[in-house]
Amino acid sequence: MSKTVAFIGLGHMGGPMAGNLVKAGHHVLGHDLVPAAVETATGTGVGPASSAARAVAEAEVVISMLPAGRHVLGLYDDILAAARPGTLFVDCSTIDVADARMAHERAAAAGMRCLDAPVSGGVIGAEAATLTFMAGGGENEFTEARPLLEVMGKKAVHCGGPGAGQAAKICNNMILGISMIAVSEAFVLGESLGLSHQALYDVASTASGQCWALSVNCPVPGPVPASPANCDYRPGFAASLMAKDLGLAANAARAGGVRAELGLRAAELYAAYAEQVGAAEDFSGIVRTIRNHDGGRP
Ligand code: NAD
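Residues numbered from 1 in each chain as written. Predicted model: local features only at pLDDT ≥ 70, side-chain atom pairs only at ≥ 80, totals over all residues. Heavy atoms only, no water.

(A) Here's a closer look at the overall build of the protein chain. When helices and strands are tallied, the protein chain shows 13 helices and 9 strands. Here the C-alpha radius of gyration of the protein chain, 20 Å, is about what a compact globule of 298 residues would show, namely 19 Å. In terms of overall dimensions, the protein chain has C-alpha extents of about 65 × 45 × 30 Å along its principal axes. Counting only carbon and sulfur atoms, one obtains 59% of the accessible surface of the protein chain, whose full area is about 13,300 Å². Taken together, the 20 basic and 27 acidic charged side chains of the protein chain have centroids lying 2 Å from each other. (Helix = DSSP H or I, 4+ residues; strand = E, 2+ residues; numbered from the N terminus. Rg over C-alpha atoms; globule rule 2.2 N^0.38 Å. Areas by Shrake-Rupley, 256 points an atom, 1.4 Å probe, with all protein chains shown as cover. Lys, Arg positive; Asp, Glu negative; His and termini not counted. Charge placed at Lys NZ, Arg CZ, Asp CG, Glu CD.)

(B) Representation of the packing of helix 8 (residues 164–192) against helix 9 (residues 197–204). Axis separation between helix 8 and helix 9 bottoms out at 10 Å; the angle between their running directions is 130°. On the basis of the axis angle, helix 8 is oblique to helix 9. The chirality of how helix 8 crosses helix 9 is right-handed. Residues Ala-186, Phe-187 and Glu-191 of helix 8 pack against His-197, Leu-200 and Tyr-201 of helix 9. Per-class residue counts for the contact of helix 8 with helix 9 are 4 nonpolar, 1 polar and 1 charged. (Axes fitted to C-alpha atoms, helices over the stretch in contact; angles between N-to-C directions. Parallel < 35°, antiparallel > 145°, perpendicular 65-115°, else oblique. Left-handed = near helix turned anticlockwise from the far one by under 90°. Contact = heavy atoms within 4.5 Å. Nonpolar A, V, L, I, M, F, W, Y, C, P; charged D, E, K, R; others polar.)

(C) Examining the side chain of Lys-3 more closely. Take Lys-3: it is sitting in the segment before strand 1 (4–8). Residues in contact with Lys-3, not counting those within four places in the same chain, are His-26, His-27, Glu-60, Val-61, Glu-144 and Leu-148.

(D) Main features of the site of the ligand. Taken together, 21 residues surround the ligand, and among them His-12, Met-13, Asp-32, Leu-66 and Lys-244 come closest. The side chain of His-12 places a nitrogen or oxygen atom 2.6 Å from an oxygen atom of the ligand. Interatomic distance of 2.8 Å between a side-chain N/O atom of Lys-244 and an oxygen atom of the ligand. Relative to its free-state accessible area of 830 Å², the ligand is covered by the protein chains to the extent of 84%. Elements supplying a minimum of two residues to the shell around the ligand: helix 6 (122–128) and helix 11 (239–255). When grouped by side-chain class, the residues that make up the shell around the ligand number 10 nonpolar, 8 polar and 3 charged. (Near = heavy atom within 4 Å. Polar contact = N/O pair within 3.5 Å; in protein donor to acceptor, adjacent residues only side chain to side chain.)

(E) Geometry of the pairing of strand 4 (residues 61–64). Of the two faces of strand 4, both are covered, the one formed by Val-61 and Ile-63 as well as the one formed by Val-62 and Ser-64. Pairing of strand 1 with strand 4, which is carried by 4 bridges, proceeds in the parallel orientation. Residue pairing for strand 4: Ala-6 is matched across the bridge by Val-62. Where strand 4 lies against strand 5 (residues 88–91), 4 bridges are found, and the strand directions are parallel. If you follow Ile-63 over to strand 5, its bridge partner there is Val-90. Between strand 4 and its parallel partner strand 5, the chain crosses via helix 4 (residues 69–79), and the hand of that crossover is right-handed. (Buried < 20%, exposed > 50% of the residue type's maximum accessible area, 1.4 Å probe, protein only. Pairing = 2+ DSSP bridges. Right-handed = clockwise from strand over helix to strand, strands pointing away.)

(F) Highlighting the packing of aromatic side chains. One pass over the full model with this rule turns up 4 aromatic pairs. Between Tyr-76 and Phe-89 the ring centres are 5.2 Å apart and the planes differ by 70°, which places this aromatic pair in the edge-to-face class. On the criterion of sequence distance, the pair formed by Tyr-76 in helix 4 and Phe-89 in strand 5 is long-range, its members being 13 residues apart. Taken as a pair, Tyr-76 and Phe-89 share a single burial class, namely buried. Clustering of aromatic rings is evident, with ring pairs tying together Phe-237, Tyr-270, Tyr-273 and Phe-283. (Phe/Tyr/Trp six-rings, centres within 6.5 Å; stacked < 30°, edge-to-face > 60°.)

(G) Just the pairing of strand 5, in detail. Of the two faces of strand 5, the one carrying Leu-88 and Val-90 and the one carrying Phe-89 and Asp-91 are both buried. With 4 bridges connecting them, strand 5 and strand 6 (residues 113–116) associate as parallel partners. Opposite Leu-88, over in strand 6, you have Arg-113 as the bridge partner.

(H) Examining the pattern of salt bridges more closely. Here the structure, examined in full by the defined rule, presents 11 salt bridges. Residues participating in the shared-partner salt-bridge network are Lys-3, Arg-113, Glu-141 and Glu-144. (Salt bridge = Lys/Arg side-chain N within 4 Å of Asp/Glu carboxyl O.)

(I) Local environment of the environment of Pro-48. Note on placement: Pro-48 falls in strand 3 (residues 47–48). When residues no more than four places from it in sequence are discounted, the contact partners of Pro-48 are Leu-29, Gly-30, Val-38 and Thr-42.

(J) How the structure looks around unusual backbone geometry. Omega for the peptide link from Pro-235 to Gly-236 comes to 10°, which places this bond in the cis form. By secondary structure assignment, the location of Gly-236 is in the loop between helix 10 (212–215) and helix 11. Positive phi outside glycine occurs at Asp-232, with the angle close to 50°. Within the element layout of this structure, Asp-232 appears in the loop between helix 10 and helix 11. When its relative accessible area of 55% is taken as the criterion, Asp-232 is described as exposed. One non-glycine residue with positive phi stands out, namely Tyr-233, at about 65°. As for its placement among the helices and strands, Tyr-233 is situated in the loop between helix 10 and helix 11. On the accessibility criterion, Tyr-233 (5% relative accessible area) is buried.

Right, dumping it as structure tokens:
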């Protein structure tokens, strides 16, 4: 059934996600602080709203896709009073678990319903509607949001109560960040021992070292032709986003007193690497700083 959706944050991810909702027959009103982002989205059939409050006034569902928790909480402060009672707020941004729980509380206090539903799959997944959503909140809210999430992605998993979607996202990306460093260190060690990239790949990809960081996003050129290493580490999944997600995981580990030594170290290594390359390189490019072992670029 067609829904009236307000979509706030029409950037790299939000723009194509909103466009996919339009394609599926939903009425989408969009808003972004950057006029160019709104203009691009209107090209895909999104109706422009002059403010976020205007966008949400008639909406049944409000979806946000913003940079960080402070943006989401700031937005909710601005728009909760403008929405109809009982409106479903779905935040798809990647934010701190504590901020996500706060967003749920503020929405509930204003008489609204809420779901945190961050994504994995990147800009390509947003465009191709192949994202995976990880949702936190009530069963009813998940059931109601699911048809919209399935229009924007290929899979939606209900992970638990408020904040559980964000928790799943940062735990998954902590595995990914650590495993990319492990794979990179193994290739660099292999180089020093005279082992070819292809030989190590052929063994590890079918042995116990197998993982996504190796067999899909292989950090050295050659063994996996589609990996970013074959096109000078153009993203892919930007180093700055990995640094952000590992920072969120490190915050959560510290707050919970969790002994995540590798996760904390991975957060430090990615923060230093992302300081140099920002969003210009895929996160697998960290292999070059490991090879240079001075933290410098190749
Ligand atoms: P982006 O910077 O391209 O888009 C964010 C948009 O939000 C910008 O256009 C900005 O102008 C807008 N914005 C900020 N505050 C606003 C406000 N108060 N009202 C209206 N608009 C506002 O970022 P992105 O790459 O689209 O990422 C969005 C979120 O998705 C982030 O939390 C990111 O961590 C997450 N994410 C990104 C990727 C990726 O590959 N880009 C992958 C998975 C998750």
